[in-house]
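Chain residues, written in single-letter form:
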Amino acid sequence: MSPQSHLRPDQREIITPEGLSLRLTLAGRSARLGALAVDLACIGAILLGAGLALVYTQAGLGQWAKRGEAHHAAQFLFILWTALMFLLRNAWFLIFELGPRGATPGKRMLGLRIAARDGARLTTEMVLARNLLRDIEIFLPMVAVLSALGGPSSSMVNWAAAGWFLLFALFPLFNRDRLRAGDMIAGTWVVEAPRARLEQALSAHEAPIDYDFGPAELGIYGEYELQTLERVLRENQAPAMEAVARAICAKIGWSAPQGDEVRRFLDAYYTALRARLEQGLRFGRRKADKHDGQQP
Amino acid sequence: MKDWPNRLLARFRRGAAQEHSIAPATLRSDRFRQAREGDWRRLEAIVTAVEKGRLRRISDDDLLDLPVLYRQLASSLAVARETSLDAATLAYLEALAQRAWFITYGPRRNFGGWFIGFLLGGWSEAVRAIRFDILVALALMVAGVAAGWMMVAHDPSFYAMLAGQDPARNPASSAKQLRETLFGGQDQDALAAFAAYLFGHNAQIAILCFALGFAIGLPSVLLLLQNSGMLGAMLWLFHGKGLLLDFSAWIAIHGTTELFAILLAGAGGIHIGRAIAFPGELSVMASAAAAGRRTAPVMLGVVLMLLVAGMLEGFARQLIDSTPQRLLVGGFMLTFWLVYFFVFGARK
């Protein structure tokens, strides 16, 4: 059974250069919108702060003794402002995405990052390319929509322009891989940055197992039930475990355990079932769930 | 944060539980895990440090072993997928393999290193890679200039449409007025600010011209035609007053750089449009991605060229007030770019 069959609709399999198949989870559209909002808010805050600082400096320049010097200083401030605008608009995303995390602060906050679609290295050229198109995807649609909405000059032409730019802005809604126009040009996509801790192995016990399950007792369940049982054991909630123990016992015709015995019974059943299913795996037999007719 | 004693205790117990769990593993998949767990955790520690940007805290041994540990993890994962039904361990391995893959195949060189390589050959190589599109864009610009000239020559009322309303520069202006727009700008004192403004404005237009290549290149073509049409109309205007050479020199001092940059941006847009419209043997996606990667360095170069052009326009054009000198600077810049792009490092 290939891993392909386990893929959820939002998962994609890529083959790394070592031949390892990895399952990447595509970032949700709302998460990406959230990340963008965080980044734009950061940019806006910096612009606002820098703007205020410049205005105050400018006001302070008025007290300068020599007018010529004040004039030169004001010019310098204007250049600073122009450079800052340009960098924030074009380099903010670029610089962060070139870092080791491949993510802007917004993406980092929402647990996203960018990756190359072909499984190979994410190159500087890709990051450059995907960010060169941001202008027509974010800033121009915003400007176009605002100018179409506001003012007496709003006309059909303005709305046509807004619609045209919105096509770019809404591009991720219209394709399976949720690619921005920039992603398409660069060969990248935005995926979830994975996080998982190594949990303790459930099947290794301190106490010896004093239950003896035969093939008839173990043959009824498959992998799906095993992993459901694993989840219940990890959550370790007494009512859920009792219910599961009762269900299993009803199925195999045993009397249900009580009290402290529930956990011991389930641990033992889990270990025995996993041993049996894993043995089947080694012989190339897989039992997906209880309806899978193929007996391991 | 009030539950920190409990969390600390839980963490301690977790460690203790793991030590206990080593002894009685009955399943083959658990013995497999026990044998490799140390290496997995070591890889995880390195990966976490890299992700947090704490590269200095990683020992040399760890850094050297990173590729080895990654390959071991890759094989662990492949084996575990075939032999283990422990969902938690599989999830851990999947996530760790991805994180390590991101590190191993993330952007490796820092931007500075990449940029030096870009200046020393990457840039001109990228420009040469799209030379066909540059020729197309050049043909479009020449056609645009010719069309602009002929349109205004046919009917001067087209001038405002092509080059905009300008009180100092229009078909009704006298030769003296026009001449004043070309010379005598030395006493302006806001040159640096003017240069910065020009750069920002032009760079944004160039990026737009490139980005619109995404719509099968048509908007890039239109932008090229529009810009060169405007140039054609202005050439006609100054020609009519006997100022063609002076105007050409006035344009050339920064124009050989700026128009070259616009040409490259348009060519990049056309390249992308062509890749999407005619993908050939590749899929549209693969073709578009390859074209994007080829043209992205060209566009970074375009931005740099516009920075140079902004300085030339803001400073040099205002400070140098004679036609021969302007032509000299403009010609030098043109030669410089042509040699840099098409001679430097081209040994194939």
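Residues numbered from 1 in each chain as written. Chains lettered and ligands numbered in written order. Predicted model: local features only at pLDDT ≥ 70, side-chain atom pairs only at ≥ 80, totals over all residues. Heavy atoms only, no water.

Identification of chain B as Stage II sporulation protein M from Novosphingobium humi is taken from an unreviewed UniProt entry.

The name an unreviewed UniProt entry assigns to chain A is RDD family protein, from the organism Novosphingobium humi. Recorded in UniProt for chain A, the comment headed Subcellular location (unreviewed entry) runs: "Membrane". (UniProt positions renumbered as here; feature names shortened; annotations may be inferred.)

### Remarks on the overall build of chain B
Secondary structure assignment for chain B yields 13 helices and zero strands. Going from N to C terminus, chain B has its helices and strands arranged as α-α-α-α-α-α-α-α-α-α-α-α-α. Within chain B, the fraction of its 348 residues that count as buried is 49%. Of the contacts made within chain B by residues no fewer than 6 positions apart, 78% connect residues no fewer than 24 positions apart. In the structure as shown, chain B presents an accessible area of about 17000 Å², 65% of it carried by carbon and sulfur atoms. (Helix = DSSP H or I, 4+ residues; strand = E, 2+ residues; numbered from the N terminus. Buried < 20%, exposed > 50% of the residue type's maximum accessible area, 1.4 Å probe, protein only. Contact = heavy atoms within 4.5 Å. Areas by Shrake-Rupley, 256 points an atom, 1.4 Å probe, with all protein chains shown as cover.)

### Some words on the UniProt feature "transmembrane region" (unreviewed entry) in chain A
Residues and elements named next belong to chain A. According to UniProt, the "transmembrane region" (unreviewed entry) feature falls on residues 33-56, 76-99 and 156-174. Counted over residues 33-56, helix gives 100% and strand 0%. Its end C-alpha atoms are 34 Å apart. This span, residues 76-99, is 88% helix and 0% strand, and a straight line between its end C-alpha atoms measures 31 Å.

### Structural notes on the interface of chain B and chain A
Taken together, the contact between chain B and chain A spans 80 residues of the former and 80 residues of the latter. Roughly 7200 Å² is buried in total at the junction of chain B and chain A, and carbon and sulfur atoms are behind 64% of that figure. Remark: the boundary between chain B and chain A carries five salt bridges. Between Asp86(B) and Arg274(A) there is a salt bridge, with its nearest N and O atoms 3.8 Å apart. At the boundary of chain B and chain A, one finds 17 residue pairs in polar contact (both at pLDDT 80 or more). Along the lines of polarity and charge, the residues of the side of chain B that touches chain A split into 48 nonpolar, 14 polar and 18 charged. (Buried area = accessible area lost by both parts, 1.4 Å probe. Salt bridge = Lys/Arg side-chain N within 4 Å of Asp/Glu carboxyl O. Polar contact = N/O pair within 3.5 Å; in protein donor to acceptor, adjacent residues only side chain to side chain. Nonpolar A, V, L, I, M, F, W, Y, C, P; charged D, E, K, R; others polar.)

### Some details on the side chain of Arg117(A)
Mapping Arg117(A) onto the fold places it in the loop between strand E3 (112-116) and helix H5 (124-132). Those residues in contact with Arg117(A), other than ones at most four positions away along the chain, are Ile14(A), Leu179(A), Asp183(A), Met184(A), Gly187(A), Thr188(A), Trp189(A), Met285(B) and Ala289(B).

### Here we look at the confidence of the model for chain B
Detailed reading of the predicted coordinates is not advisable wherever pLDDT falls low. Residue and element names in this part refer to chain B. Here chain B averages 84 in pLDDT, and 89% of its residues register 70 or above. Considering only residues more than four positions removed or in separate chains, one finds that residues 14-23, a stretch of pLDDT under 50, has twelve contacts. Among the scores for the predicted complex, ipTM is 0.81 and pTM is 0.80. (pLDDT = per-residue confidence, 0-100.)

### Topic: unusual backbone geometry
A negative phi angle is the norm for most residues apart from glycine, just as the trans form is the norm for most peptide bonds. Residues and elements named next belong to chain A. One non-glycine residue, Arg178, lies in the positive phi region at around 55°. Mapped onto the elements of the fold, Arg178 is located in the loop between helix H7 (156-169) and helix H8 (181-186). Since its relative accessible area comes to 17%, Arg178 is described here as buried. A positive phi is found at Asn236, a non-glycine position, where the angle reads about 60°. Tracing the backbone through its elements, the reader meets Asn236 in the loop between helix H10 (223-235) and helix H11 (238-252).

### Observations regarding the pattern of salt bridges
Should their charged atoms come close, side chains of opposite charge can pair. Applying the stated criterion to the full structure yields 30 salt bridges over all chains. A salt bridge links Glu94(B) to Arg23(A); its shortest N-O distance comes to 3.4 Å. Of this pair, Glu94(B) sits in helix H4 (residues 87-104) while Arg23(A) sits in strand E2 (residues 21-25), on two different chains. In this structure, Glu94(B) and Arg23(A) share a single accessibility class: buried. Here Arg130(A) ties to Glu97(A) by a salt bridge, and the two come within 3.0 Å at their closest N and O atoms. A residue pair is termed long-range when its members are at least 10 positions apart, and Arg130(A) in helix H5 and Glu97(A) in helix H3 (residues 92-97) qualify at 33 residues. Connected through shared salt-bridge partners, Glu230(A), Arg234(A), Arg274(A), Glu278(A), Asp30(B), Arg33(B), Glu37(B), Arg41(B) and Asp86(B) make up one network.

### What to know about helix H13 (residues 323-342) of chain B
Residues and elements named next belong to chain B. End to end, H13 covers 28 Å across 20 residues, agreeing with the expected 28 Å (1.5 Å per residue, within 8%). Turning to H13, its buried residues number three or more, namely Thr323, Arg326, Gly330, Met333, Trp337, Tyr340 and Phe341. Projection of H13 onto a plane perpendicular to its axis shows the buried side chains occupying an angular sector of 145°, all on one side. Seen from the open side of H13, the exposed residues pointing more than 90 degrees away from its buried face are Pro324, Leu328 and Phe332. (Expected span 1.5 Å × (residues − 1). Arc of directions from axis to C-beta.)

### Observations concerning the UniProt feature "transmembrane region" (unreviewed entry) in chain B
Residues and elements named next belong to chain B. In this structure's numbering, the residues bearing the UniProt feature "transmembrane region" (unreviewed entry) are residues 134-152, 205-225, 232-253, 259-277, 298-316 and 328-346. End-to-end, the C-alpha atoms of residues 232-253 are 17 Å apart, and along that stretch the chain is 86% helix and 0% strand. Overall, residues 298-316 shows 100% helix and 0% strand. The separation of its end C-alpha atoms is 25 Å.

### Some points on the nonpolar core
By size, the foremost hydrophobic cluster in this structure holds 80 residues, and its most contacted members are Leu133(A), Leu264(B), Val302(B) and Phe341(B). Those residues in contact with Phe341(B) that lie beyond four places of it in its chain are Trp123(B), Ser124(B), Val127(B), Arg128(B), Phe260(B), Leu264(B) and Met305(B). Leu22(A), Trp189(A), Val50(B) and Leu69(B) belong to the second-largest nonpolar core, a separate cluster that totals 35 residues. (Core = buried A, V, L, I, M, F, W, Y, C linked by side-chain atoms within 4.5 Å.)

### Re the confidence of the model for chain A
This prediction gives chain A a mean pLDDT of 82; 92% of its residues lie at or above 70. Mean pLDDT across the elements of chain A ranges from a minimum in helix H9 (residues 215-218) of chain A, with 79, to a maximum in helix H4 (residues 105-109) of chain A, with 92.

### Considering helix H6 (residues 134-149) of chain A
All names here are of chain A. The end-to-end C-alpha separation of H6 is 22 Å, in line with the 22 Å expected for 16 residues at 1.5 Å each. Residue Leu140 marks the point of greatest curvature in H6, where the axis turns by about 35°; the proline Pro141 follows within four residues. Within the sequence span of H6, burial applies to Arg134, Asp135, Ile136, Glu137, Ile138, Phe139, Leu140, Pro141, Ala144 and Ala148. (Bend = angle between axes of the 7 residues up to and from the residue.)

### Things to note about the packing of aromatic side chains
Summed over the entire model, instances satisfying the criterion amount to 27 aromatic pairs over all chains. Measuring from ring centre to ring centre gives 5.4 Å for Phe118(B) and Trp123(B), while their planes differ by 5°; the resulting arrangement is stacked. Accessibility classification places Phe118(B) together with Trp123(B) in one group, the buried group. Their ring planes at 50° and their centres at 5.5 Å tell us that Tyr340(B) and Phe341(B) sit as a pair that is tilted. Neither Tyr340(B) nor Phe341(B) differs from the other in exposure class; each is buried. One aromatic cluster in this structure is built from Trp114(B), Phe115(B), Phe118(B), Trp123(B), Phe260(B), Phe336(B), Trp337(B), Tyr340(B), Phe341(B), Phe342(B) and Phe344(B). A cation sits over an aromatic face here: Arg113(A) above Phe102(B), 4.0 Å from the ring centre. Across from the ring centre of Phe93(A), 3.7 Å away, lies the NZ or CZ of Arg134(A), which sits over that ring. (Phe/Tyr/Trp six-rings, centres within 6.5 Å; stacked < 30°, edge-to-face > 60°. Lys NZ or Arg CZ within 6 Å of the ring centre and 35° of its normal.)

### Focus on the environment of Ser283(B)
As for its placement among the helices and strands, Ser283(B) is situated in the loop between helix H11 (244-277) and helix H12 (284-319). Residue Ser283(B) is classed as partly exposed on the basis of its relative accessible area of 43%.

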